[in-house]
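# Examining the three-dimensional arrangement
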Amino acid sequence: MRIIAGGERGRRLLAPPGRGLRPTSERVREALFSILRERIEGARWLDLYAGTGAVGLEALSRGAARVDFVEVDRQAMRVLRGNLARCGVADRAAVHAVRVETLCRRWPSTLSPVDVVFADPPYGDFGWQEVLAACAPDAPLRPTGVVVLEHATREPVPTQVGRLEQVRRYRYGDTMLTLFALTAEGTSLQ
């Protein structure tokens, strides 16, 4: 696993040995950053279920101003902190050792607004339901921000949750990236 592009291009990332983590593949990360290319430079990101931090580290490498990583697994957090130090970007990041569901319940008072929320819960966990439910009314999302869910293609994801409306879906084998944006009530993003 490595950083694909930007200032840290080619940098190898640490991963916990023998763990059940499923880091976002290089192919899917490359596609994600191609899709979001206009939203990276100077942006604030929230990387939920961060694991090794590969997605948020890629964002920092490509010019994101700041990434807040959320991870509860202690071993994954150690690896994430090691990857932040290895890439020299710890000053532009924060690691929150809290369950995503807990953060979602209190995030308007916890985080500054972000441009991109990236959520990659364990497949079959359906943790994205709580993420979408929390983002819809109260997200720490700027008005032009997006929520990106990485999930298994077999998992049904709604087209709208509150003010979050599905904008696009991208399929990569068994992996799906689904993008949501905030809408004014009754306004469509088509």
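All of these numbers come straight from a predicted model, not from anything done at the bench.

### A few points about the sheet that holds strand E3 (residues 93-96)
Strand order in the open sheet formed by eight strands is E3-E2-E1-E4-E5-E8-E7-E6, and the pairing between neighbours is mixed. Among the strands making up the open sheet, the edge pair consists of E3 and strand E6 (160-161). Pairing of strand E5 (residues 141-152) with strand E8 (residues 175-182), which is carried by seven bridges, proceeds in the antiparallel orientation. Bridging from a neighbouring strand, Glu150 pairs with Leu177 of E8.

### Things to note about helix H3 (residues 74-87)
With 14 residues, H3 extends 20 Å from end C-alpha to end C-alpha; this agrees with the ideal 20 Å at 1.5 Å per step. Looking only at H3, the buried set comprises Ala76, Met77, Val79, Leu80, Asn83, Leu84 and Cys87. The arc enclosing the buried residues of H3, seen along the axis, measures out at 165°, which places them on a common side. Seen from the buried face of H3, the exposed residues on the opposite side, beyond 90 degrees, are Arg74, Arg78 and Ala85. Summarising the contacts, the buried residues of H3 are in contact with helix H2 (54-61), strand E2 (66-70) and E3.

Cut-offs and rules
- Residues numbered from 1 in each chain as written.
- Predicted model: local features only at pLDDT ≥ 70, side-chain atom pairs only at ≥ 80, totals over all residues.
- Heavy atoms only, no water.
- Pairing = 2+ DSSP bridges.
- Helix = DSSP H or I, 4+ residues; strand = E, 2+ residues; numbered from the N terminus.
- Expected span 1.5 Å × (residues − 1).
- Buried < 20%, exposed > 50% of the residue type's maximum accessible area, 1.4 Å probe, protein only.
- Arc of directions from axis to C-beta.
- Contact = heavy atoms within 4.5 Å.

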